[in-house]
Every structure is written in structure tokens, then in C-alpha cells.
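# Residue-level structure breakdown
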Amino acid sequence: MDMPLSRKLVANEAGELGYYVPGFFEIFVATDKEDMSLTNFDDKELGTFFHEYIHFLQDITTFYGLNNIYAFTEYLHFGVNQCYKNEDKQISVPIIIGNNSVVPAILEINKLTYGDVSDLKRFDISNISTFKDLVNSKCNVREIDGYVIETTDDNLVSFGAGAIMESMAYLMERFCIENPAKSSLYPYCSAEIVAQYLSPRFCSDPYNVLALCDASLMCSNPGRTFIDYIKSYEKNCPRNIKPENIYHHIFSMKLQNIDGSPVPVIDSLQQIAQVARNQLKDYFKDDSDEFKKLNQWIDSIIDFTIDFRSNHPSLIVDMARNGFLLKNRVFSNILQQIGTPTLRNLNFDYQQYPGKRDCEESIAYIKAVHCMYRLLHDGELKCDLYEWCSKDVNISVDESCINKPWLKCNKDLLCPFGYLWKHWGLSKYHVKLQ
């Protein structure tokens, strides 16, 4: 799952308000404002930023998001190591990973559990049924159980992590933004509609659906966790519950590890968080100030994740209860601790809110890692930093940025992609499309 989580206006399906790029820490807001301070945004821009910021939090503080980050980092490590094996110094892209790695299994399982996220203006449920998908990659998980939803106008959708993430972000938008933009019912309201269909009583507390969205992402199969929890609640729990009860129940569960062994939810999160920390920091292994700042920022977000989920599991609900974003003390505290990922506008201006660790001067290197991933994984030749570099008087841009960005490693003044290519020991290698 390497597609952006995107946000669209219901009145203009072609008009993208913004998106977040999972695993590579970038928020795009469709604004031409160079100053992307939150107080400088109008309601639509602020709502878009916050919606995508919730996706950022899902990325770094949930098992599902961190497992996805791990898959990206592991692919890049594998891909670069494959490059080193080519004695002729020619790299054929895209680079395909065989089943001797866990990465194909993780990516396949994530794709199967992600479900459908295509926009539906109508979403009236007529039936919810189970289905099984076989896992073709080599691992101990042989099949994935999921839920398919049939609508009254004969649409079939697989309800999974994608719909849950969009529903959670849109719920937060409506709790914390004064004039939130309208969105299509599916996927943005899907979790609420599914919960209401299964148990109106569960929805008597408006924060229950939010809590269950968030807690479900602590599991490897969020769609199944979400629906199974509500079914069990409706059948076995005669009393109304609070969001805190939901977190307690799901955090007490055990997950099936990829090797088949059971692992408590919080232990599983802490393990994958530490792996993600080490893998992300492995991108930036030298003593330059830029890389030191990036590694300090990575430490800050992983430390925040472990503290947040271990000691304050209902923090997302606390933020929702705290109201309007610009006066929201919970959000302000999070922003002070970890800042924001890279922010980009329509004009390819980049910005970052610093948290405890300021790495704004280094954010282009994160973008360069994403460009590297797209080159090796997708065979995408153009470097996405072209427009950014065009604004830097110290960097020369030319045709090679569009079709041979690896050649930039031979310049006297290195651009971020060229620096990374050289830093990763690839300066003598050239790329060709398969």
C-alpha cells in the first residue's frame, strides 16, 4: 500500500484538497500560500491539514502504519543490496523481491486488509458478510478473513483499514474544525454507518466509533477487528460503554505474528516501533548536521509513539473532546513534541513545524528517500524534487533530473537525491528500465 491517502471535496470529485504519503512523511495541502502557518489557513485548508495530520499520526503510532513503514524500509534495504550485486553496475528497475524476504508477505497482507476506498456518494447497507482471501506470498499466514458490505444499490465494498483511516480522520475533522468540508459517505463516513447498522446502542456515545477506529489500527486486520468488536458488544454487553473500555479491550488482545506466534498488542507495537526506528535511521548514516537532525526527529516520533500508546492510549479521543483545533491543548502538546511531517503547497514550497527536534533544513532528504523508493520499486525516473531544487540557487537543475537523476551524484554541489545516491554507495551505478 504505497498510495497516498487523499482527501477530496464531495462537490468536486476531481478537486483534491490534499493528501498524506504514508511511510514518507509528507502532507500536501492544495493552497498557494507560501506561509503554511496554521493561523494563515482558511477553514478548508486547516481542515485538510488536520485530516492529513491524523493520517500522519496513524502512520507513526499504530501497528498497521508502522508495519507498513517497516515494509517500505525493508524493500529499500533489499533493493539497494540487490544493486550492489550487479557487477556491470547496471540496475534494472523496477526491482522485484522474491519470496525469500518477508516484504512480499507484508505488502500483500496490507493490501488485502486495506480494502476499498473508492468514493461512493450513497452508502446504504443491505448486508455484511464474511469472505476469505488466500495469501500467495510465503509466510505462516495462509488466508485473510474480511468483511464485504453490500449496499442497496448493489455495490460491493471490502471494508478495511483504508475506510477506517479515512473515517477516523474525517471524524476528527468534524470534532475539531469549525466548518469542515463535506465528503462522500464512503469511505469518509463508512465506519459510523457500519457501526450504526450493527449496533445503534454502541453509537450512543459519539466518541465510541472514533476510539474503535483508532484501536482497530493497532491490529493487523483492522476491518475485521472493527466489525467483530461491535458484533461481540451487541451480543454480550448489555451496558453502554465508554471509549476507554474499547482501548482496554483491544489492547488486551494478542496478535498473530507473521511467524504464527501470539503477541500482546502493546508488545507488538513496541517491537515494530523499534524496528521502524532502526530502519528509518539507517537511511541517514553519516555525521552531517542534516542527518543528525533527521535521526533526532525520528527518535522523537518513535519515543512519542511508545509513550502515547503505553501510557495515554485514549489520547486521540482526548484531542477530539478538547474541541477547536487552534485552541486545542492536546493537539498543541503533540505539535510541540513531534512537530509536523513535511508540508507542501501547490507551488512546491516545503515547510515543517518543528517539535522538540527541528529538522526543517533536512526535510528534502526524506523526499529524496521517497524518490529513491519510486525509482527502484516503480521504475519512476523523474525526481520529484525537481521543482524544489529549481528554487535553490545552490543547486543546478537540468534534464537529468527528469530522466537520469542518479547522475546528479557527480556534481560538485550535490542535490538531496544526488547526495543520497552517493551516500548509499551507488555513485558508479546506472539505471535502466526493464
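Worth saying up front: this structure is predicted, and the values here are computed from it rather than measured. (Residues numbered from 1 in each chain as written. Predicted model: local features only at pLDDT ≥ 70, side-chain atom pairs only at ≥ 80, totals over all residues. Heavy atoms only, no water.)

## So, the pattern of salt bridges
Between side chains of opposite charge, a pair can form when the charged atoms approach closely. With the rule as written, the count across this model stands at 23 salt bridges. We note a salt bridge from Glu234 to Arg201, for which the minimum N-O separation is 3.6 Å. Pair noted here: Glu234 is in helix H8 (residues 222–236) and Arg201 is in the loop between helix H6 (190–198) and helix H7 (206–216), with a separation of 33 residues, a long-range link. Across the salt bridge formed by Asp299 and Lys281, the nearest N and O atoms sit 3.1 Å from each other. (Salt bridge = Lys/Arg side-chain N within 4 Å of Asp/Glu carboxyl O. Helix = DSSP H or I, 4+ residues; strand = E, 2+ residues; numbered from the N terminus.)

## Concerning the confidence of the model for the protein
Scored by pLDDT, the protein comes out at a mean of 90, with 94% of its residues at no less than 70. Every residue in residues 9–14 scores below 50 in pLDDT, and together they form ten contacts with partners more than four places removed in sequence or on other chains. (pLDDT = per-residue confidence, 0-100. Contact = heavy atoms within 4.5 Å.)

## Details of unusual backbone geometry
The linkage connecting Val93 with the following residue, Pro94, adopts the cis geometry, with an omega of 0°. Assignment of secondary structure puts Pro94 in the loop between strand E4 (90–93) and helix H3 (103–114). With an omega dihedral of 10°, the bond running from Tyr186 to Pro187 counts as a cis peptide bond. Counting through the fold element by element, Pro187 comes out in helix H5 (residues 185–188). Although it is not a glycine, Lys89 sits at a positive phi angle of roughly 65°. Among the structural elements, Lys89 can be located in the loop between helix H2 (63–84) and E4.

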